[in-house]
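Listed below, chain by chain, are the residues.
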Amino acid sequence: MTDSIQLNEKGQLQHFLSIEDLPTQILIDILDRAKSFVDPETLHAKKVPLLKGIMVAPLFFENSTRTLLTFEIAAKRLSSDWVNLNLDTSSKNKGESDVDTMNNLQAMGCSIFIVRHKSYAAPIELAKSLQEGSIINAGDSNRAHPTQAMLDMFTIREHKGDISQLSVAIIGDIEHSRVARSQVAALKKLGCADIRLIAPESLLPTQFANDNTVQTFASVEQGIEQADVVITLRIQKERITKTNIISEQDYIRDYCLTSERLKSAKSDAIVMHPGPINRGIEITSEVADGEQSVILEQVTNGIAIRMAVLSMVASSQI
Ligand code: NCD
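Heads up: these notes are all about the structure in this document. (Residues numbered from 1 in each chain as written. Predicted model: local features only at pLDDT ≥ 70, side-chain atom pairs only at ≥ 80, totals over all residues. Heavy atoms only, no water.)

Once that is clear, we can look at the pattern of salt bridges. Scanning all chains against the criterion turns up 18 salt bridges. In this structure, the salt-bridge partner of R178 is E62, at a minimum N-O distance of 2.9 Å. Residue R178 is located in helix α8 (residues 178–189), and its partner E62 is located in the loop between β1 (55–60) and α4 (66–77); the two are separated by 116 residues in the primary sequence. Each member of the pair, R178 as well as E62, carries the same accessibility label: buried. A salt bridge links D211 to K188; the shortest N-O distance between them is 2.6 Å. Of this pair, D211 sits in the loop between α9 (206–209) and β7 (215–217) while K188 sits in helix α8, and the two are 23 residues apart along the sequence. Since its relative accessible area comes to 34%, K188 is described here as partly exposed. (Salt bridge = Lys/Arg side-chain N within 4 Å of Asp/Glu carboxyl O. Helix = DSSP H or I, 4+ residues; strand = E, 2+ residues; numbered from the N terminus. Buried < 20%, exposed > 50% of the residue type's maximum accessible area, 1.4 Å probe, protein only.)

Below, the discussion takes up the site of the ligand. As a matter of local geometry, the ligand sits amid R66, T67, R116, H145, Q148, R178, V179, R234, Q236, P274, G275 and P276. In the model, an oxygen atom of the ligand is placed 3.0 Å from a nitrogen or oxygen of the T67 side chain. Interatomic distance of 3.0 Å between a backbone N/O atom of G275 and a nitrogen atom of the ligand. If the ligand stood free it would expose 320 Å²; the protein chains cover 93% of that surface. Within the residue set of the shell around the ligand, elements represented by two or more residues are α4 and α8. Among the residues forming the shell around the ligand, the class breakdown is three nonpolar, five polar and four charged. (Near = heavy atom within 4 Å. Polar contact = N/O pair within 3.5 Å; in protein donor to acceptor, adjacent residues only side chain to side chain. Areas by Shrake-Rupley, 256 points an atom, 1.4 Å probe, with all protein chains shown as cover. Nonpolar A, V, L, I, M, F, W, Y, C, P; charged D, E, K, R; others polar.)

On to the sheet that holds strand β2 (residues 81–82). Across the sheet, four strands lie side by side as β2-β1-β3-β4; this open sheet has parallel pairing. The outermost strands of the open sheet, each flanked by one partner alone, are β2 and β4 (134–140). Sheet topology places β1 next to β2; two bridges connect them, and they run parallel. When the sheet's bridge partners are listed, V56 is paired in β2 with W82. Contacting β3 (110–117) and β4, helix α6 (residues 122–129) crosses the sheet at an angle of about 175° to β4. (Pairing = 2+ DSSP bridges. Contact = heavy atoms within 4.5 Å. Axes fitted to C-alpha atoms, helices over the stretch in contact; angles between N-to-C directions.)

With that settled, consider the sheet that holds strand β5 (residues 167–171). The strand order across the open sheet formed by five strands is β7-β6-β5-β8-β9, and the pairing between neighbours is parallel. Strands at the two margins of the open sheet, each flanked by one partner only, are β7 and β9 (270–272). On average, each strand axis in the sheet is inclined to that of its neighbour by 20°, with strand direction left out of account. In this sheet, strand β8 (residues 229–232) lies alongside β5 in parallel orientation, the contact comprising four bridges. Bridge pairing in β8 links I171 to T232.

Here helix α2 (residues 24–37) contains 14 residues, and its C-alpha end-to-end distance of 20 Å stays within 8% of the 20 Å for a straight helix at 1.5 Å per residue. Looking only at α2, the buried set comprises I26, L27, I30, L31, A34 and F37. For α2, the angular spread of buried residues about the axis comes to 140°, placing them on one side. (Expected span 1.5 Å × (residues − 1). Arc of directions from axis to C-beta.)

I30 and L310 are the most contacted members of the largest nonpolar core, which has 90 residues in total. With 11 residues, helix α14 (residues 295–316) is the single largest residue contributor to this core. Sequence-distant contacts of L310, defined by excluding residues within four places in its chain, comprise L51, V56, F71, A74, A75, L78, I112, I114 and I136. Ranked by size, the runner-up nonpolar core spans 14 residues in total, among them I5, M102, C110 and F113. (Core = buried A, V, L, I, M, F, W, Y, C linked by side-chain atoms within 4.5 Å.)

So, about the pairing of β4. Across the seven residues that make up β4, a large majority, seven, are buried. The pairing of β3 with β4 spans five bridges and is parallel. Directly across from V115, in β4, lies its bridge partner N137. As a crossover connection, the stretch from β3 through α6 into β4 is right-handed. (Right-handed = clockwise from strand over helix to strand, strands pointing away.)

If you want it as structure tokens, here you go:
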């Protein structure tokens, strides 16, 4: 449980580690605050001084394109100083521990750390070790990617309104997806009563097979029937350790989101993907680049959500 760590004694968001233990109101505050940042004037033109004088350090122990860059853009839009440590050329490879690396950056004045790590425990341990300051989880293991889930909720809310009234389908490698786990947690918190997970048996974790607040499907056509939102996920080959996983050929045949399959969803359903896309495997280019796709909007909304989270954790430090 991370709830006591995530909020400070005044109930403000100090660390953003996972969706599960947070009060729903904090999630709504993040969405509402992001709304104030999403207007193009604030997002792309003017800087806002909310984080002036604050040093933000990314600690990315795993690869990233969208998450890292949208955090950097968000931090810079808020006028903070972005302290960019390249972990490939840092003293990490001389044996320094993650906590020591963080403490040294703190000694230089950094007070917000954005952490991506292959270990489930890493962001929690770093938060516990930090005397003052904030940790924001930018994706850990296959467990949590809370800012991705929030930018996805934001994108859904912008297009479809009240999330509690929607049918949301997630197709793909749920087993290895931190995005799917955080999305399901956020959808539940925001009252979504129709959450559908669609995957071959080998990519569906038992955690969900036994969860009666979600429905699971082996068939895409059945799973997305009349859905308002269809989210596709990449097969995360780098995390697969089992040997009996569906072959790529069979996956494409049965699970790739094609225009034909998409017809089972509502005609105005939106199509989402957290990226990176493997075109022709989990989604065809026709669908990824088609009229129903909001995939690049998700990326843009990531800036506003990350501005919201950065500014909230910064306020908790005052
Ligand atoms: C995801 C991740 O890293 O978990 N990407 C992202 O942050 N946008 C999904 C993935 O890697 O497939």
